[in-house]
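Geometric and topological summary
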Amino acid sequence: THPSVEDALQIDFSFRNEASFEQFFPQVEINFTDINNLPVASRQFRPDEYLQAELREFEKMPVFSPIRVSLEIVDPGPNAVNYSLVFLEHESGLN
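Each chain has its residues counted from 1, following the order in which its sequence is written. In view of the model being predicted, local features appear only for residues whose pLDDT reaches at least 70, and side-chain atom pairs are presented and counted only at 80 or more, with totals across whole chains, interfaces and linings using the full set of residues. Only heavy atoms go into the side-chain values, all of them from the structure, while hydrogens and water stay out.

With that out of the way, let us pick up the pattern of salt bridges. Each salt bridge in this description consists of a side-chain nitrogen of Lys or Arg and a carboxyl oxygen of Asp or Glu lying within 4 Å of one another. The tally for this structure, following the rule as stated, stands at 4 salt bridges. Overlapping salt bridges bring together Arg43, Arg46, Asp48 and Glu49 as one network.

Given below as structure tokens:
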């Protein structure tokens, strides 16, 4: 639950590039499902939507550096009892 916005969620997570080379930032997909694992809501975020301002100038993820993300989204409702985070290939850079 978002600490100050009604009917919203705050999602905080981090990830890092564990390859030995720089890679494009991925798209991030958040999926919510109900108790029967049926879809309730889904949203994809481009890097320019989830990256903090200081990282938006970079086209690629640095090697072995944590990337911290904080998203604010509309609460998908009480039926959304499960969630998953999926990283999708995003080869075209930040746009």
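Right, let's talk about the environment of Val69 for a bit. With respect to the helices and strands, Val69 occurs in strand E6 (residues 66-74). Between the C-alpha atoms of Val69 and Asn37, which are 32 residues apart in sequence, the distance is 25 Å. The criterion used for residue contact is that any of the two residues' heavy atoms lie within 4.5 Å. Those residues in contact with Val69 that sit more than four places away from it in its chain are Ile11, Asp12, Phe13, Phe15 and Tyr50. Helix and strand assignments follow DSSP, with helices taken as H or I runs no shorter than four residues and strands as E runs no shorter than two, numbered in order from the N terminus.

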